[in-house]
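# Structure at a glance
What follows is the residue order along each chain.
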Amino acid sequence: MSQSRPTGPLAVLFFLLSYNGQPHAFLSQHRQRQHQHHSSSLLPSLTSVMAVDRSKFRTCDQTSFCRRHRHGKSKTLYDYRLIPDSVAFHPHAIHQDAQVDKAAEEHDGGGILSSLSRRIMGAASSSSSSSSATHQNTRRGPPPILTATLRNVAPLTSTDLTAQIYNSCYDGDETLRLSVSLLESGVARLTLTELEQHEQHDVASNPPPRWTADEMVLNVEEMTTASIITLSTVHAEVLRVVDGVEEERGHVRAYIAGLMARAHQSLVSATVDVENFLVLRYSHGKDNNADNDDDDDEWILMIQMHPFGVYFFRGGEGPPIIVAGSSGLTHFEVRRQRECGGNGNGNGHGEDGQPPLQTSMEKRKLLEHDDDTNTDEDRHGGKEIVGYWEDGLAIYADGTREEKVVVVDNNHHHDRELQQENDVDKGEGRQERRLDEEPYDTEGMWEEKFSSHTDSKPNGPMSVGMEIVFPQSAHLFGLPEHASSAQLKTTAGTEGHHHYDEPYRLYNLDVFEYELDETMALYGHVPLVVSQSATMGTAGAFWFNPTETFVDVQEVEGTAENTVESRTHFMSESGVIDLFLLPGPDPQALYGQYARLTGRMPLPPMFSLGYHQCRWNYRDEADVYFVHSKFEELDYPYDVLWLDIEHTDGKRYFTWDKKVFPNPEEMQRKLAGDGRRMVTIIDPHIKTDTNYYIHKEASALGLYIKDKNGAKDYEGWCWPGSSSYLDFTTEKVRNWWAEQFQYSKYKGSTPTLFTWNDMNEPSVFNGPEVSMQKDLLNLNRIEHREWHNLYGMLFHRSTSEGLVKRNPDANIRPFVLSRSFFAGSQRYGAIWTGDNAAQWSHLEIATPMLLGLNIGAISFSGADVGGFFGDTDAELMTRWMQAGAYQPFFRGHAHHDAKRREPWMFGDETMARLRRAAMARYALLPYWYTVFWNAGVTGMPVMRTMWMQYPNIPELYSVDNQFLIGSDLLVRPVTSAGATSSEIKFPLSDCWYDVDSMQRIPMTGDPNSAATKVLKSDIDKIPVYQRGGSIIPRKLRLRRSSYLMTNDPYTLYIALDDSLKAEGTLYMDDETTFDHERKGDFAVARFSSDWGEASIAIQNSAQIGSENPVNAKNKHARMVERIVVMGVPNKGPRSIELISAQSPDAVPMEFQFDSSSKVLVIRKPGVSALDDWTMKLQT
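All of these numbers come straight from a predicted model, not from anything done at the bench. (Residues numbered from 1 in each chain as written. Predicted model: local features only at pLDDT ≥ 70, side-chain atom pairs only at ≥ 80, totals over all residues. Heavy atoms only, no water.)

### Things to note about the overall build of the protein
Of regular secondary structure, the protein possesses 25 helices and 54 strands. Residue pairs at least 24 apart in sequence account for 75% of intrachain contacts in the protein once pairs closer than 6 positions are excluded. Here the protein has roughly 41300 Å² of accessible surface; of this, 47% comes from carbon and sulfur atoms. (Helix = DSSP H or I, 4+ residues; strand = E, 2+ residues; numbered from the N terminus. Contact = heavy atoms within 4.5 Å. Areas by Shrake-Rupley, 256 points an atom, 1.4 Å probe, with all protein chains shown as cover.)

Written as structure tokens, this is what we have:
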């Protein structure tokens, strides 16, 4: 695409540079290993013409804390010992939860909005106006069952070293507080916090405790302490100071020795003694005696005292499922004063003005192309800057723009091949570095530069880290969001056996024109790793730290024959070590455990599951009416029309440009009359205009983030130009923001207008890495570095709460789409994968990226259909619409420079194909709605990897080009041009039916394996298959929106399994309000079928939520008009009779049976999904 040159700075301000990169192949084939099963879709075909400006974003080597600690460089500085006489066992914590819950309920008062806030927004603080740092710092959740002190006993510690180099001061030992909480769900929580100097030596002047975000993320209402907990040890000093320890020392010694034998391959030292261990054994209610070792509902946490490490077992036999901290990579940089006793002068030099020791940065350069020495004047040639682009490049007063400097890294991908060919060792297997051989890298500990930006780092080094190991596991997943495969690839390893050179980075950023198959940070992140293993089952680790984080992934050969173990090394810039270990043992159990930790996804309104039509931007009301009328004319279903930033008055959010949108309320009412909603964009940056009411009030109330001194409101550059940013970490600011959605304040809004939150990483065009400086302060004087990854989620949360509160009864479900997210964002709305491109490679990566989000429990997610940047052709648009129809969030979107791509823009033939894809989505809305309800109840993702449903089939673990919607629909998007067939892997533990032909796919084999089939998938076909043994509800009457389908009857599709049985569920409510939760106004129909000995064609058992429902009473709105049965035995039935309470006599049913296709159809059975009934077979 050619680049238009603006004539002036104001014109430039409102346009985004479109990409003009060159095609290049950028993926290399991963080296095959005997122990690893390979995906059939590991993205070897992807190419990209997009090119991120890498100079804008840091690598690990450009990041001080990552550079210091990666590959064990700081290992010799940390050696933690648990102090025996510090151990305290708190069995009373088991009984405290009920008292805490009761007190919270009494304090809350039971108000509707408070209850609503707890349900949708998670646990809230006790005071709506509280903003104290102390309050925000409170640890939430069940109290610890065990506490102890860890001391760093390394001969040379980090504080010793910086005292020599910088003359810094730390009065005391490097001492940490260990807290262990054990939850009824089986989850173990280990927290390491800094033991402040005043706790050691009664030092009066001390910084406040490290900031934590428990109240903002954790779902404390569902976190309860395990019912039965025992502590075992034979350490004499621990026994002396702790009450309640198991007494029979001989028995206990044998028990601990048995655990040591189970953990033998993972132990730090094979010579450690049983006295070196504490063992916590717990369950949720069953008798916990030492002879009962085979219960999956029993868990064991074995703590090694020195060197400190943790071994997490399930009851029974086998090695630990997770090992944490055992490899000597645990580090916790305690805070220290840069200047000590007046000797320091603030620059790290001694009294003579010279550094006491040589630092490593004197021996090496940070970057070959380091431009920190260049001044802005040099870089911009003295030109006046009037603004910035989204890619961070300057806009000049003369109408020109800063040229993008492309750093050509020819070795970027070639290095991977060299490592594999030459077996170059660049990972953890290198010889351990010694500080006397290579000076410790202390550059950037108190002040760090990147490009033209300087981070003052007034608190100095505060990094924390730990290695987490998954024994006998070769498959790790999680750490979204990255444009890479669903399975995590290695970033470190011996003999060059790693795919990436860079660790996975978790730091929410607006990455303009992101590339694929990369570990670079993107818009949002969830620090959850899930292990799936045929021998060890499912287990997970949630690293609860919202600061910038890097994660290395490594696979090493296990000591047991033909086994491997996967290692992750988490390194965070600040915060505390707060680690949650999730025991599984299967995906269903693990996601239930995770939902109890970070919250459940609320049931979205039905309309939000339909098709959303968006573009940057629909120009005016006439354009909106034209697009809407065209959808109407073509009978093309859609539910929501979106408006981007140009609908506002000069990028002032909560306003309308009256020249082009003079009657917004009337426009919304007209669309609502046809069953449609609208969405407008509202971003977090606030235009710094004293005449803008939002800015004026926010300034007067002091709601903005401050500069690094806490004196002035911070200003950065975004779409409106100079902008300020609200402090969403503070509750009073979130409440104020929510109030702005009141209809009396947001003029032109109506109950059918919903919200899109973009740019909330936060994106700052002229900031470091297109975001805020890390040393900015919130209203509690907490640095931005501490809460950066939470900002987007808190903005999302506040907006969602505002959409609820704007209605007088607060009884309409909100819909808010956000680009940025963190763990817990599933509670607040939908997420999309950001600014993708109209390329086949981006269509191909969409499935792995969305699976990655679902692995992180971000289920309500989607990728922009058609691709945001660039122009799509008819074939790509068709394939994308087909794939998008099976994404949880289904939206078409385009950049303003892209050609119009509404469905009719590609000709009648393509339009008909696109409409068929959309119609397939709408027909399945009852099933989608039921799957979303199930996700909220169980925690299981909506869009599932194959291993989530089939954890016992290892050959499916790496598959990420196909997926399941719920448990019953298998989807394989077509992602290459000209394709007429697709390769699909079918689990043989179930049989499968093509949803179009309704024919069973012929396959045989071991039920614990998969079969690969190549099946037809021409331009009119997306491969979708229904699982044998399932019953799926559909609505087949063509309507133009979900609202118009509300009272339409159901068609039930029964796919019989090998035993001629099937079952399924249909969830029903009013699809709009919270009455399903408030009043129990819902119903669940549970269908079952048994064409074998029971001779039941189908039967229904209906569950009504409450005794006096309103919606659930409307049986005529929940009628079943057709039943389709696939896989019927050859002869078919002689007759089918309906038996129900509504008729004293059996009623014969009309049906048709095709013996060649084995499909039977029962027409007009006259039954409601809200009644109990049975249809009996006569054969």
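### Brief notes about the sheet that holds strand β43 (residues 1024–1027)
With antiparallel pairing, the five strands of this open sheet are ordered in space as β37-β38-β39-β43-β41. If you trace the sheet from one side to the other, it starts and ends with β37 (943–944) and β41 (992–994), each paired once. Two strands pair when backbone bridges link them, and β37 and strand β38 (residues 963–965) are joined in this way by two bridges, in the antiparallel orientation. Along β38, the bridge assignment pairs methionine 943 with isoleucine 965. (Pairing = 2+ DSSP bridges.)

### What about the pairing of strand β8 (residues 228–232)?
Counting buried residues along β8, four of its five residues qualify, which places the element largely inside the surrounding structure. In this structure, β8 lies alongside strand β9 (residues 277–283), joined through five bridges in antiparallel fashion. Residue pairing in the sheet places isoleucine 228 in a bridge with serine 283 of β9. (Buried < 20%, exposed > 50% of the residue type's maximum accessible area, 1.4 Å probe, protein only.)

### A look at the state of the cysteines
On inspection of all chains with the given rule, the structure shows one disulfide. In this model cysteine 60 forms its disulfide with cysteine 66; the gap between the sulfur atoms is 2.0 Å. Here the disulfide of cysteine 60 and cysteine 66 is left-handed, its torsion about the S-S bond being about -95 degrees. Grouping residues by exposure puts cysteine 60 and cysteine 66 together as buried. (Disulfide = S-S within 2.5 Å.)

### Side note on the environment of phenylalanine 312
Within the secondary structure, phenylalanine 312 is located in strand β11 (residues 309–314). For phenylalanine 312, a relative accessible area of 0% corresponds to the buried category. Excluding residues that lie within four positions of it along the chain, phenylalanine 312 makes contacts with Gly186, Ala188, Tyr282, Trp299, Ile300, Leu301, Pro320, Ile321, Ile322, Leu581, Leu582 and Pro583.

### So, unusual backbone geometry
For the peptide bond that leads from glycine 584 to proline 585, omega is 15 degrees, which places it in the cis range. When you line up the elements, proline 585 lands in the loop between β25 (577–582) and α13 (587–598). With an omega dihedral of 5 degrees, the bond running from tryptophan 616 to asparagine 617 counts as a cis peptide bond. Among the structural elements, asparagine 617 can be located in the loop between β26 (611–613) and α14 (621–633). At serine 451, a position not held by glycine, the phi torsion is positive, near 55 degrees. The backbone of glutamine 472 shows a phi angle near 55 degrees, a positive value even though the residue is not glycine. Residue position: glutamine 472 is located in the loop between β18 (464–470) and β19 (476–478).

### Thoughts on the pattern of salt bridges
Throughout the structure, instances matching the rule amount to 64 salt bridges. Notably, a salt bridge pairs arginine 67 with aspartate 441, separated by 2.5 Å at the nearest N-O pair. Of this pair, arginine 67 sits in helix α2 (residues 64–69) while aspartate 441 sits in the loop between α12 (411–422) and β16 (448–450), placing them 374 residues apart in sequence. Across the pair aspartate 996 and lysine 1021 runs a salt bridge whose closest N-O atoms are separated by 2.6 Å. In this pair, aspartate 996 sits in the loop between β41 and β42 (1010–1016) while lysine 1021 sits in the loop between β42 and β43, placing the two residues 25 residues apart along the sequence. Taking relative accessible area as the criterion, aspartate 996 reaches 53% and is therefore assigned exposed. Residue classification places lysine 1021 among the buried residues on the basis of a relative accessible area of 11%. Each of Arg58, Glu448, Asp455, Lys457, Arg505, Glu548, Glu573, Glu769, Lys774, Glu783 and Arg785 takes part in a single network of salt bridges with overlapping partners. (Salt bridge = Lys/Arg side-chain N within 4 Å of Asp/Glu carboxyl O.)

### A short note on the nonpolar core
For soluble globular proteins, the rule of thumb is that nonpolar side chains tend to be buried together. One finds Leu726, Trp737, Leu790 and Phe815 to be the most contacted residues of the largest nonpolar core, which totals 171 residues. Apart from residues lying up to four places away in sequence, phenylalanine 815 is in contact with Pro605, Phe607, Ser608, His612, Trp642, Val679, Phe754, Thr755, Leu803, Ala830, Phe860 and Phe889. Residues Ile165, Tyr166, Leu280 and Phe312 belong to the second largest nonpolar core, which totals 68 residues. (Core = buried A, V, L, I, M, F, W, Y, C linked by side-chain atoms within 4.5 Å.)

### Notes on the sheet that holds strand β31 (residues 721–725)
Within the open sheet, the three strands sit side by side as β29-β31-β30. Their pairing is antiparallel. The sheet terminates laterally at β29 (685–687) and β30 (715–718), the two strands that pair on one side only. Direction aside, the axes of adjacent strands within the sheet are offset by 55 degrees on average. Bridge count between β29 and β31: three bridges; the pairing is antiparallel. Each residue of the ladder has a partner; that of lysine 687, found in β31, is serine 723. (Axes fitted to C-alpha atoms, helices over the stretch in contact; angles between N-to-C directions.)

### What about the packing of α14 against helix α15 (residues 664–673)?
Where α14 meets α15, the axes come as close as 11 Å, and the angle between the chain directions of the two elements is 0 degrees. Relative to α15, the element α14 lies roughly parallel. Along its contact with α14, which presents Glu621, Val624, Tyr625 and His628, the element α15 presents Pro664, Glu666, Met667, Lys670 and Leu671. Class assignment of the residues belonging to the contact of α14 with α15 gives a composition of five nonpolar, one polar and three charged. (Parallel < 35°, antiparallel > 145°, perpendicular 65-115°, else oblique. Nonpolar A, V, L, I, M, F, W, Y, C, P; charged D, E, K, R; others polar.)

### Concerning the packing of aromatic side chains
For the structure shown, the criterion picks out 50 aromatic pairs. On the numbers, 5.9 Å between centres and 75 degrees between planes, the contact of tryptophan 756 with tryptophan 832 is edge-to-face. A residue pair is termed long-range when its members are at least 10 positions apart, and tryptophan 756 in strand β32 (residues 753–757) and tryptophan 832 in strand β34 (residues 830–832) qualify at 76 residues. The same class applies to tryptophan 756 as to tryptophan 832, namely buried. Ring geometry for phenylalanine 1087 versus tryptophan 1173: centroids 6.3 Å apart, planes at 40 degrees, classification tilted. Of the two residues, phenylalanine 1087 is situated in strand β47 (residues 1083–1090) and tryptophan 1173 in strand β54 (residues 1173–1178); the sequence distance between them amounts to 86 residues. Members of the aromatic cluster, connected to one another through ring pairs, are Phe607, Trp642, Phe754, Trp756, Phe815, Trp832, Phe860, Phe889 and Phe932. Positioned above the aromatic ring of tryptophan 928 is the side chain of arginine 921, whose terminal nitrogen or guanidinium carbon lies 4.2 Å from the ring centre. (Phe/Tyr/Trp six-rings, centres within 6.5 Å; stacked < 30°, edge-to-face > 60°. Lys NZ or Arg CZ within 6 Å of the ring centre and 35° of its normal.)

### Some thoughts on the side chain of serine 723
Topologically, serine 723 is positioned in strand β31. Residues contacting serine 723, with those up to four places away along its chain left out, are His685, Ile686, Lys687, Thr688, Tyr714, Glu715, Gly716 and Cys718.

### A short note on the environment of alanine 1094
Structurally, the position occupied by alanine 1094 is in the loop between β47 and β48 (1096–1104). In this structure alanine 1094 comes out as partly exposed when scored by relative accessible area, which is 28%. With 33 residues separating them in the primary sequence, alanine 1094 and lysine 1061 have C-alpha atoms 9.7 Å apart.

### Some thoughts on α14
For α14, built from 13 residues, the straight-helix expectation of 18 Å at 1.5 Å per residue is met to within 8% by its first-to-last C-alpha distance of 18 Å. Contacts made by the buried residues of α14 are with β26, β27 (640–643), α15 and β28 (677–681). Residue aspartate 620 occupies the N-cap position of α14, its side-chain oxygen lying 3.3 Å from the main-chain nitrogen of alanine 622. Positioned one or two residues after α14, aspartate 635 has a phi angle of 50 degrees, which is positive. (Expected span 1.5 Å × (residues − 1). Polar contact = N/O pair within 3.5 Å; in protein donor to acceptor, adjacent residues only side chain to side chain.)

### Remarks on the confidence of the model for the protein
For the protein, per-residue confidence averages 86 on the pLDDT scale, and residues scoring 70 or more make up 83% of the total. Within the model, pLDDT remains below 50 along residues 407–437, and this stretch shows 62 contacts once partners closer than five positions in the same chain are excluded. (pLDDT = per-residue confidence, 0-100.)

### Considerations on the side chain of aspartate 707
Structurally, aspartate 707 can be placed in the loop between α16 (693–701) and β30. For the buried aspartate 707, which has no salt bridge, the nearest side chain bearing the opposite charge is lysine 712, at an N-O separation of 5.8 Å. Within the structure, the side chain of aspartate 707 is placed 2.9 Å from the backbone nitrogen of glycine 710, a separation counted as a polar contact. Once residues lying within four places of it in the same chain are set aside, the contact partners of aspartate 707 are Lys712, Tyr714, Leu776 and Leu777. (Lys, Arg positive; Asp, Glu negative; His and termini not counted.)

### Examining the pairing of β27
A two-sided burial pattern is seen for β27, the buried positions comprising Val640 and Trp642 on one face and Leu641 and Leu643 on the other. Summarising the sheet, β26 and β27 pair through two bridges and their orientation is parallel. Among the inter-strand pairings, glutamine 613 is bridged to a residue of β27, identified as leucine 641. With α14 bridging β26 and the parallel β27, this β-α-β connection has right-handed handedness. Two elements, β27 and β28, share four bridges in a ladder whose sense is parallel. Considered in β28, the bridge of valine 640 is made with arginine 677. A crossover links β27 with its parallel partner β28, the connecting element being α15, and its sense is right-handed. (Right-handed = clockwise from strand over helix to strand, strands pointing away.)

### With respect to helix α23 (residues 925–938)
Under the 1.5 Å per step criterion, the end-to-end length of α23 is 20 Å for 14 residues, consistent within 8% with the ideal 20 Å. Where burial is concerned, most of α23 is hidden: 11 out of the 14 residues are buried. Trailing α23 by a residue or two, glycine 939 shows a phi angle of about 90 degrees, which is positive.

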